[in-house]
There are 2 protein chains.
Amino acid sequence: QVIRQVIFFPDKEIACKDFFDAIEGCSRVPCDFSHTQTGFRHLLSFLKSAKKSIDIAVYCISCFEIADVVLQRHKVGVRVRVITDLSMEAAFGSQNHRFMKDGIRVQTNKPPFLMHHKFVIIDDEVVCFGSFNWTSQAVTGNNESVVVTNDPWVVEPFRGEFKKLWFETKPD
Amino acid sequence: QVIRQVIFFPDKEIACKDFFDAIEGCSRVPCDFSHTQTGFRHLLSFLKSAKKSIDIAVYCISCFEIADVVLQRHKVGVRVRVITDLSMEAAFGSQNHRFMKDGIRVQTNKPPFLMHHKFVIIDDEVVCFGSFNWTSQAVTGNNESVVVTNDPWVVEPFRGEFKKLWFETKPD
Ligand SMILES: [Zn+2]
Ligand SMILES: [Zn+2]
């Protein structure tokens, strides 16, 4: 089944965790959060769908909720590989230490080059990429675009690029 | 004719201006620059092909050479619209003033939102987008990805997004 989606940010609202994730639902009346799908939840749904592998090459990863989903997939046996920029490893809120604590391999780009990519490959079949860093700021504070597709003309080059980057960023 | 290309940066070399652009060619032996096509020249070729319109929504535009191409297209009658982030208007090397001096309409995003997009629409038909800001640093110093396509499933949403942003960023 063909996946071809363009998601724009900012989201106007933040999704209600209770409404979407809690068995008992949301009991707030009124609720300040969104009970309809957001771009962010949409993006997360692709990560949640990973069955075999998640390959991440994203400049800056500081969004706790995205990291949660990645960690959860890793816990159920999905192979996760992460490349971020070295300068963002120690950035405020960087999730790299959480990944490493759980045994996920994290590699960083060596200066002077900047690893400015923002893409993830899911199960070697679906690519999400665009202007979007994995920060909370990006979700509701930025104008951003993300394309999600399994079109091979997009997926194959990105797979090659990840392979190359993973090799280049291997620790000495 | 279908356009579907993925361009990765950094370029290993900088293209030789003389070789590609001068009538008499390049006379340096050896030449320090590239006599074969680079990703950057490839990207520029799409801008150079514009016949009717160039709609730009890019966080930061400081690359002199890209601005040159845009200004040249504007000079021959192509309608150019530019949106950048307000914070980047006064950034080192920002090309906004060059655009405005030549009569190109430049609009900036209003805080607190950050205009973090990196896309351009050429002749309402081709979109180039990805992680790439229009800076010189990005060309040879960063790992970046740019997708160029005229697939309508990509082009139509980006056209809608530009239209919306252009309206939202209109000066009061
Ligand atoms: Zn709720
Ligand atoms: Zn030369």
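Basis of the calculations
Residues numbered from 1 in each chain as written. Chains lettered and ligands numbered in written order. Predicted model: local features only at pLDDT ≥ 70, side-chain atom pairs only at ≥ 80, totals over all residues. Heavy atoms only, no water. Donors = N, O, S within 2.8 Å, 3.2 Å for Na, K, Ca; no water. Tetrahedral: all angles 85-135°; square planar, octahedral: opposite > 155°, others 65-115°. Helix = DSSP H or I, 4+ residues; strand = E, 2+ residues; numbered from the N terminus. Least-squares fit on C-alpha atoms with pLDDT ≥ 70 in both. Contact = heavy atoms within 4.5 Å. Axes fitted to C-alpha atoms, helices over the stretch in contact; angles between N-to-C directions. Parallel < 35°, antiparallel > 145°, perpendicular 65-115°, else oblique. Left-handed = near helix turned anticlockwise from the far one by under 90°. Nonpolar A, V, L, I, M, F, W, Y, C, P; charged D, E, K, R; others polar. Buried area = accessible area lost by both parts, 1.4 Å probe. Polar contact = N/O pair within 3.5 Å; in protein donor to acceptor, adjacent residues only side chain to side chain.

1. Some words on the coordination of the zinc ion (ligand 2)
Residues and elements named next belong to chain B.
At step 1: With distances of 2.1 to 2.3 Å, the protein atoms coordinating the zinc ion (ligand 2) are Cys16 (SG), Cys26 (SG), Cys31 (SG) and His35 (NE2).
At step 2: With four donor atoms in place around the zinc ion (ligand 2) and angles of 105 to 113 degrees between them, the coordination shape is tetrahedral.
At step 3: When the donors of the zinc ion (ligand 2) are listed by position in the chain, the intervening gaps give C-x9-C-x4-C-x3-H. Linking Cys16 in the loop between strand S1 (4–9) and helix H1 (17–21) with Cys31 in the loop between H1 and helix H2 (39–48), this pair joins segments that are 15 residues apart in sequence.

2. Observations regarding the relation of the copies chain B and chain A
At step 1: Rotating chain B by 180 degrees and moving it 0.0 Å along the rotation axis overlays it on chain A with an RMSD of 0.0 Å. Taken together, the rotation and translation relating the two chain copies correspond to the operation of a two-fold axis.
At step 2: A share of 100% of the interface residues of chain B reappears at the interface of chain A, consistent with the copies meeting face to face through the same patch.

3. Quick notes on the coordination of the zinc ion (ligand 1)
Residues and elements named next belong to chain A.
At step 1: Protein coordination at the zinc ion (ligand 1): the donors are Cys16 (SG), Cys26 (SG), Cys31 (SG) and His35 (NE2), at 2.1 to 2.3 Å from the metal.
At step 2: Around the zinc ion (ligand 1) sit four donor atoms; with metal-centred angles ranging over 106 to 112 degrees, the donor geometry is tetrahedral.
At step 3: Within one chain, the residues serving as donors to the zinc ion (ligand 1) are arranged as C-x9-C-x4-C-x3-H. Residue Cys16 is located in the loop between strand S1 (4–9) and helix H1 (17–21), and its partner Cys26 is located in the loop between H1 and helix H2 (39–48); the two are separated by ten residues in the primary sequence.

4. Concerning the packing of H2 of chain B against helix H3 (residues 64–75) of chain B
Residues and elements named next belong to chain B.
At step 1: At a minimum axis distance of 10 Å, the contact between H2 and H3 shows a crossing angle of 20 degrees. By the angle between their axes, H2 is roughly parallel relative to H3. Between H2 and H3 lies a crossing whose hand is right-handed. Here Phe40, Leu44, Leu47 and Lys48 of H2 lie close against H3, whose contacting residues are Glu65, Ile66, Val69 and Arg73.
At step 2: Taken together, the residues that form the contact of H2 with H3 break down as five nonpolar, no polar and three charged.

5. Notes on the environment of Phe158 of chain B
At step 1: Residue position: Phe158 of chain B is located in helix H6 (residues 152–168).
At step 2: Each C-alpha atom of the pair Phe158 of chain B and Asp124 of chain B lies 9.5 Å from the other, and the pair is 34 residues apart in sequence.
At step 3: Residues contacting Phe158 of chain B, with those up to four places away along its chain left out, are Val6, Phe8, Ser145 and Val147 of chain A together with Phe119, Ile121, Val127 and Phe129 of chain B.

6. Digging into the interface of chain B and chain A
One frequently used descriptor of interface size is the decrease in accessible area upon assembly of the parts.
At step 1: Between chain B and chain A, the residue contacts involve 36 residues of the former and 36 residues of the latter.
At step 2: Buried area between chain B and chain A, summed over both chains or domains, comes out near 2,700 Å², and the portion from carbon and sulfur atoms is 64%.
At step 3: Among the residues of chain B in contact with chain A, Phe8, Asn143 and Trp153 of chain B are the three that bury the most area, contributing 27% of the side total.
At step 4: Applying the counting rule to chain B against chain A returns 16 residue pairs in polar contact (both at pLDDT 80 or more).

Read these as layout, nothing more, since geometry by itself doesn't imply function.
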